[in-house]
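Overview (structure and organization)
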Amino acid sequence: MAETQSNDTSRRPSPDTTLELLRALFQDRPGLLRAVTLGDLEGRGVVEEIQSHDRLFGLPVFQFAVGQTGAGKTSLGNLLFGERAMRSTGYQDCTDYIGMLRLRSDLWYFDTPGAGGDEQYENFARLALGLEQIRGRKAESFELLDFTDASLEGGKVVGVLRTEVAAADRDREFGEKYPPDVIVYLVVPQRLFLRPDQDYLRDMLERYGDKVVVALNTWESATRDVDVLNVRRQITSVYQDVFGASVEPRFVRFDALSGTGVHDLTRALCQVIAPEKLGGMQAVLDGDLKEHARRERSLHYRRTVNRIAARLALNTVDQQTGNQDLVAVAAKGVSQFGVLTFEAGAAAAALRDALAELVDREARSVREKQSEKIVTKDAETRKRDIVTREPQFDLVETTRKKKQKITREVEQVTGAGFLNTLKEHAKATVDQIDNALGGGGWDKHDALRERARRNSVHRTTSTVQEEVEVPVTEIRQKVVGYQEKVLATVEEVVGVTERVIGTKALKGGLPVIELLLSVGTGVEAYCVAEDGRDGIDTYVERERQRIAIVLDRAEPQLSKLLLEGHDAEEEIAVLLDRLLATS
């Protein structure tokens, strides 16, 4: 599938859709992505101060919650109480008594039945507040339930003190004991503000004047701005009927269930309460509560981003949600969450467009970094002949001399008669030499020798061996050369080449953590900047460099946890909290 170009806005989800897609990923943690604003935390801080400090107010302060039935009066009391001690259903006519709760700070909270529903229930409230009762069943008494020492045990409220207050004893038993210091008139904007509501508000204003603060109980998912504008216009009209143009309504928006806006409500109430009764409460509002709330807001936001990063780091980078790349959706959802948390609505449009391009680019980089090529190995082959060399022969004639032993017969002449004859002849020669020389002695000598030879020689024949050289002629084969002969042809591997056949998506790992955290803290820095803002990419890049250093130091520990999979998700988030949430 082709990459979505950064300048293609036609396929980008809207900010609300992006955040909802991210919330869908965390269905198992439905409260994780609820944006906690500064006002929320200041309100929570106020509630904690009111609940925990002894005698925070200088004198007892009696605060009454009145208004439409089902408008959140009991929920506000439970918020202050810290537990759901007072029965609240969210439906009309859910309170048929006057509830009382004294907090350690010396704030007394009174919950009353609503107006515009059951007439007798409304008359209980009118009787308690000293207003004229309306037609129908008039109240002869009302039940006062004191929740001060109540507690929840096994899901049941125990320790509630019940007192029946008769109409005749109302002033002495109730009115004089608990005179209202401030009245919170609760209205649900998305409901119609009908004539019974207007009459009730008019009677309240005529008796208690500017002690009334109008609290618009706005529910995050149900209240529209147009609803708020309509109900403000109707209430302003009632004020003008009673006071003319001299008194303007004190409007405060808050959420009785979550506590959002309780800080603003408390400030408005303190403007009504007599100064001598405020005691240390004003110091709480004017002190370091706001700075504490700023730190708590940042901590909550960063802890949330850490948990988003921990889960996305364990998912593969090819996952999608709503036909969008999950990593990019998460980063954009984090930025939208940051805008809501830090209430930077005015900068949201510019932030969204600039950040979308940056996120798309960085998400692509992460996907490429966390993708592994799938490679196959191809063998390179060639054909080769298997060859042998056969010798070539020829006949060659050669002559050489060869030593050879031969045998032959030899005649030998021997004998003693011959020697004696020779001796005699020699002696006769000496004696007769002169006669022989003068008278023909040589002939006589020869005759003598012949006679001796014949008479005295012995002849013998013997066989002897001797070595002689004789010529020998030889004819033999001789290798005169070689000839190659192919025995077979085979195919052999001569090399291996790698070929990419696809890619495998890896877990997001450290690159995804770095991206989401740098976007998250970069958006925070952008939103809380008080002077002229640089471009969002400047803040994100600055945070990316800082976070990269921190993550690099913790890389061995994080890598080990990432290998363990989703079982280590919360452990990864806690480690990120320790490394980065408070830095």
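Our subject in this report is the structure included herewith. (Residues numbered from 1 in each chain as written. Predicted model: local features only at pLDDT ≥ 70, side-chain atom pairs only at ≥ 80, totals over all residues. Heavy atoms only, no water.)

Below, the discussion takes up the overall build of the protein chain. Scanning the protein chain for helices and strands turns up 19 helices and 14 strands. Among the 583 residues that make up the protein chain, the fraction classed as buried is 42%. Here the contacts in the protein chain between residues at least 6 apart in sequence split such that 78% fall between residues at least 24 apart. A total accessible area of about 32,200 Å² is found for the protein chain, and carbon and sulfur atoms account for 47% of it. (Helix = DSSP H or I, 4+ residues; strand = E, 2+ residues; numbered from the N terminus. Buried < 20%, exposed > 50% of the residue type's maximum accessible area, 1.4 Å probe, protein only. Contact = heavy atoms within 4.5 Å. Areas by Shrake-Rupley, 256 points an atom, 1.4 Å probe, with all protein chains shown as cover.)

Here we take up the nonpolar core. Membership of the largest hydrophobic core comes to 56 residues, with the highest contact counts inside it found for Ile513 and Ile572. Of all the elements in the fold, those that place two or more residues in this core are helix H1 (15-25), helix H11 (289-313), helix H12 (326-341), helix H13 (345-369), helix H16 (509-528), helix H17 (536-553), helix H18 (555-563) and helix H19 (569-581). No other element matches H16, which puts 10 residues into this core. Apart from the residues within four sequence positions on either side, Ile572 is in contact with Ala310, Leu314, Ile513, Leu558, Leu561 and Leu562. Trp108, Ala115, Phe174 and Tyr178 belong to the second-largest nonpolar core, a separate cluster that totals 38 residues. (Core = buried A, V, L, I, M, F, W, Y, C linked by side-chain atoms within 4.5 Å.)

Positive phi outside glycine occurs at Asp106, with the angle close to 80 degrees. Examined against the element boundaries, Asp106 turns out to sit in the loop between strand S2 (98-102) and strand S3 (107-111).

Below, the discussion takes up the pattern of salt bridges. Summed over all chains, the structure comprises 32 salt bridges. Residues Glu390 and Lys485 are paired through a salt bridge, measuring 3.8 Å at the closest nitrogen-oxygen approach. Residue Glu390 is located in strand S13 (residues 371-414), and its partner Lys485 is located in strand S14 (residues 458-505); the two are separated by 95 residues in the primary sequence. A relative accessible area of 35% places Glu390 in the partly exposed class. Across the salt bridge formed by Arg546 and Glu543, the nearest N and O atoms sit 2.6 Å from each other. (Salt bridge = Lys/Arg side-chain N within 4 Å of Asp/Glu carboxyl O.)

A separate point is the environment of Asp146. Topologically, Asp146 is positioned in strand S4 (residues 141-146). With a relative accessible area of 17%, Asp146 lands in the buried category. As for Asp146 and Phe110, which are separated by 36 residues in sequence, their C-alpha atoms are 9.3 Å apart. At 2.6 Å, the side chain of Asp146 forms a polar contact with the side chain of Thr148. (Polar contact = N/O pair within 3.5 Å; in protein donor to acceptor, adjacent residues only side chain to side chain.)

A few words on the pairing of strand S8 (residues 182-187). Note on strand geometry: in a regular strand, side chains alternate between the two faces of the sheet. Counting buried residues in S8 gives 6 out of 6 residues, a clear majority hidden from the surface. Both faces of S8 are covered, namely the face carrying Val182, Val184 and Leu186 and the face carrying Ile183, Tyr185 and Val187. Two strands pair when backbone bridges link them, and strand S1 (residues 61-67) and S8 are joined in this way by 5 bridges, in the parallel orientation. Within S8, the residue paired with Ala65 across the bridge is Val184. (Pairing = 2+ DSSP bridges.)

The contact between H17 and H18 brings their axes to 5 Å, and the two run at 75 degrees. Between H17 and H18, the interaxial angle falls into the category roughly perpendicular. Contacts from Leu551, Asp552 and Arg553 in H17 reach Glu555, Pro556 and Leu558 in H18. Of the residues that constitute the contact of H17 with H18, the class distribution is 3 nonpolar, no polar and 3 charged. (Axes fitted to C-alpha atoms, helices over the stretch in contact; angles between N-to-C directions. Parallel < 35°, antiparallel > 145°, perpendicular 65-115°, else oblique. Nonpolar A, V, L, I, M, F, W, Y, C, P; charged D, E, K, R; others polar.)

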